[in-house]
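# Fold and geometry: a report
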Amino acid sequence: MDMEWYWDMAVHISSIIRIVITGFWLYRFTEPYLRGKSQAKAVGLAYAGMMIVMYAIPLEMDGAIAYGMGVLAAFAAMCLADRRNRAQKVFLAMLMYLLNDITSSLAIIPRDILFENIIYHPYVQQNLWRQFACFLAIELVYVISCFYIMKVLVRMINRVYVRKRENMQIKELALMLATPFLALTGYLVFLYFSNIWLGTFQTYIWNAYYQYIWIKALYQAAAYAAILTTIVLYQSIKGSHRREKENAVLAEQMADMKRHIGRMEAVYSDIRGLKHDMGNHVLTLEALLEKKEHREAEAYLSGLKEQINKIEEEIKTGNPVTDVILAEKQKEAAQRGIDFICDFHYPEGTKANTLDISVILNNAADNAIKAAGECEKPYIHIKSWRQKNAYMLEVKNPFSGNLLIDGESGLPESGRSGDGHGFGLKNIRKVARSYHGDIDIRWEENLFILSVMLMLE
């Protein structure tokens, strides 16, 4: 068999292995941004499948266009697997395109050094099989280099891209694409001059100017560093906006607390007024009874009871503020047709801050009402108990749909599926940890259970 056949087979196998490697790392790259491993695997398979099909078809095609089609297939797979946050997927697709070129530009340097010093060595060229064996070893080094370089590139991007599940707006996408677009422009310029040189002199430019691959590699490394810097700045801006939003939510909750406290002050004011007038009410009743006007006395007494009932809360927790909060949540739940079961008792005799307990109750009850409201038999069960210094609060409610977990925080995401459980849970966890406690989340057969533990003195 002709020796050239072995060389061709080695080149084909090396190319296919590199396609598979890129597909694997595109799967690992997109996994944190999608809903699960199966969706990310579909992305890697779509890329690898498209590239292998195009490689097998005897069609002359520029490498940049072929790779663009592979990335386009991966992008389509991402969109089909998860229709959310498409602006972010466009950005990820641009990064996919650049990752392959940056990897090749860096991995080609050790490969060319080995070629120059081994393949073209007189001793090696004396024997064709010896030369082929050295070629196989160099290709193996090249493939391994591609694997580990892309591994580092992917992991560095995923490490600095912290808020992977947050939506990217169109304006943000335009900002984020600026640096990758410049990197892509530089790549196309290098490719253009390389093709011009090949067409003019019928040889590769790096054969005449070995510095070409070093300059290209240096440019790609600088472009990659610029992309990382852009991502870091973007994450910093998003973090600032997130903190502003959390502070606004917290400020709104503080305003709610003030309204609750104001309502309780009004209740107590009514009670004090009733106590002040109680003597007059007793005198009026005695006068009516002395005159034997029993009907008028009964009517007067009935009105007095009604007045007392108006200022008496239905829920008794041991704290006036939590009484009001849970009474309002009970009323909201009743309006939505949700059964509200409350067995909550305020941790009296401890150093627990009423405001902290109120933040937990407000957020937990709001999330439960939103989720339970979409179920056929909606209910909410809130209870609390003490175990020595541990104060436990538990909220149960049914939910419909799939519960999506944020890989960064470990908390359910806010959205249609699971419907809003992610919103406010960070505040609950923050309060719990300030008391050296934490939260636990369980779900089973469409039942969501939130447990909060506070360590109280």
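Predicted model, so just to flag it, every value in this text is computed and none were measured. (Residues numbered from 1 in each chain as written. Predicted model: local features only at pLDDT ≥ 70, side-chain atom pairs only at ≥ 80, totals over all residues. Heavy atoms only, no water.)

Turning to the side chain of S194, a few remarks are in order. When you line up the elements, S194 lands in helix 7 (residues 170-201). Classification of S194 by relative accessible area gives buried; the value is 8%. Not counting chain neighbours up to four residues away, the residues in contact with S194 comprise I205, W206 and Y212. (Helix = DSSP H or I, 4+ residues; strand = E, 2+ residues; numbered from the N terminus. Buried < 20%, exposed > 50% of the residue type's maximum accessible area, 1.4 Å probe, protein only. Contact = heavy atoms within 4.5 Å.)

One way to put it is that helix 12 (residues 354-372) packs onto helix 13 (residues 425-434) with a least axis distance of 9 Å and a crossing angle of 150 degrees. By the criterion of interaxial angle, the relationship of helix 12 to helix 13 is roughly antiparallel. Considering how the two elements wind past one another, helix 12 and helix 13 form a crossing that is left-handed. Residue-level inspection shows D356, V359, I360, N363, A364 and N367 of helix 12 in contact with helix 13, the latter providing L425, N427, I428 and V431. A breakdown of the residues in the contact of helix 12 with helix 13 according to their chemical character gives 6 nonpolar, 3 polar and 1 charged. (Axes fitted to C-alpha atoms, helices over the stretch in contact; angles between N-to-C directions. Parallel < 35°, antiparallel > 145°, perpendicular 65-115°, else oblique. Left-handed = near helix turned anticlockwise from the far one by under 90°. Nonpolar A, V, L, I, M, F, W, Y, C, P; charged D, E, K, R; others polar.)

What follows covers the pattern of salt bridges. The tally for this structure, following the rule as stated, stands at 14 salt bridges. One salt bridge in this structure joins R336 and E332, with 3.5 Å as the shortest N-O distance. A salt bridge links R442 to D440; the shortest N-O distance between them is 3.1 Å. The partly exposed category is assigned to R442, whose relative accessible area is 34%. D440 sits in the partly exposed class, given a relative accessible area of 37%. Linked by salt bridges that have partners in common, K383, E394, K396, D440 and R442 make up one network. (Salt bridge = Lys/Arg side-chain N within 4 Å of Asp/Glu carboxyl O.)

Our next topic: the pairing of strand 3 (residues 390-398). Most of strand 3 is tucked away: 8 of the 9 residues are buried. The pairing of strand 2 (residues 379-387) with strand 3 spans 7 bridges and is antiparallel. Directly across from R386, in strand 3, lies its bridge partner Y391. The turn linking strand 2 back onto strand 3 is made up of 2 residues, and K388 within it adopts a positive phi angle of 55 degrees. Where strand 3 meets strand 5 (residues 447-455), 9 bridges bridge the pair, whose relative direction is antiparallel. (Pairing = 2+ DSSP bridges.)

Secondary-structure assignment places L140 in helix 6 (residues 128-160). On the basis of relative accessibility, which here comes to 52%, the residue L140 falls in the exposed class. Here the alpha-carbon distance between L140 and R111, two residues 29 residues apart in the chain, equals 9.5 Å.

Strand order in this open sheet of 5 strands is 1-2-3-5-4, and the pairing throughout is mixed. Each edge of the open sheet carries a strand with a single partner, namely strand 1 (339-343) and strand 4 (438-444). The average angle at which neighbouring strand axes cross in this sheet is 15 degrees, direction not considered. Where strand 1 meets strand 2, 5 bridges bridge the pair, whose relative direction is parallel. By the bridge assignment, I341 is partnered in strand 2 with H381. Its contacts with the sheet place helix 11 (residues 320-335) against strand 1 and strand 2, and it is angled at close to 160 degrees to strand 1. Where helix 12 meets the sheet, its contacts fall on strand 2, strand 3 and strand 5, and the angle it forms with strand 3 comes to roughly 15 degrees.

Relative to strand 5, strand 4 is paired through 7 bridges, and the arrangement is antiparallel. When the bridges of strand 5 are listed, R442 appears paired with I449. Counting the residues that bridge the hairpin from strand 4 to strand 5 gives 2 residues, and of these E445 lies at a positive phi of roughly 50 degrees.

A few words now on the confidence of the model for the chain. Across the chain, pLDDT averages 84, with 83% of residues at or above 70. The least confident element of the chain is helix 10 (residues 294-310), whose mean pLDDT is 69; the most confident is strand 3, at 94. Scored below 50 in pLDDT, residues 415-421 makes 21 contacts in the model with residues more than four places away or belonging to other chains. (pLDDT = per-residue confidence, 0-100.)

Another aspect to go through is unusual backbone geometry. Residues other than glycine seldom take positive phi values, yet K388 does so here, at roughly 55 degrees. Relative to the helices and strands, K388 resides in the loop between strand 2 and strand 3. Taking relative accessible area as the criterion, K388 reaches 77% and is therefore assigned exposed. Phi is positive for H436, close to 60 degrees, though the residue is something other than glycine. Take H436: it is sitting in the loop between helix 13 and strand 4.

Taken as a whole and judged by the stated rule, the model has 27 aromatic pairs. Taking 5.3 Å as the distance between ring centres and 85 degrees as the angle between the ring planes, the aromatic pair formed by W5 and Y6 counts as edge-to-face. On the basis of relative accessible area, W5 is assigned to the partly exposed category, the value being 43%. Where F147 meets Y148, the ring centres are 5.1 Å apart and the plane angle is 80 degrees; that geometry is what we call edge-to-face. An aromatic cluster is present here, built from W5, Y6, W7, F115, W129, F132 and F135 joined pairwise through their rings. Taking NZ or CZ as reference, R111 lies 5.2 Å from the ring centre of Y142, over its face. (Phe/Tyr/Trp six-rings, centres within 6.5 Å; stacked < 30°, edge-to-face > 60°. Lys NZ or Arg CZ within 6 Å of the ring centre and 35° of its normal.)

Tracing the backbone shows T179 in helix 7. A polar atom in the side chain of T179 sits 2.9 Å from the side chain of T230. (Polar contact = N/O pair within 3.5 Å; in protein donor to acceptor, adjacent residues only side chain to side chain.)

Attention now moves to helix 3 (residues 63-81). For helix 3, spanning 19 residues, the distance from its first C-alpha to its last is 27 Å, which sits close to the expected 27 Å at 1.5 Å a residue. Residues of helix 3 that are buried include every one of A64, A66, Y67, G70, V71, A73, A74, A77, M78 and C79, and no others. Structurally, helix 3 contributes buried residues whose contacts are with helix 1 (3-30), helix 2 (37-56), helix 4 (86-119) and helix 7. (Expected span 1.5 Å × (residues − 1).)

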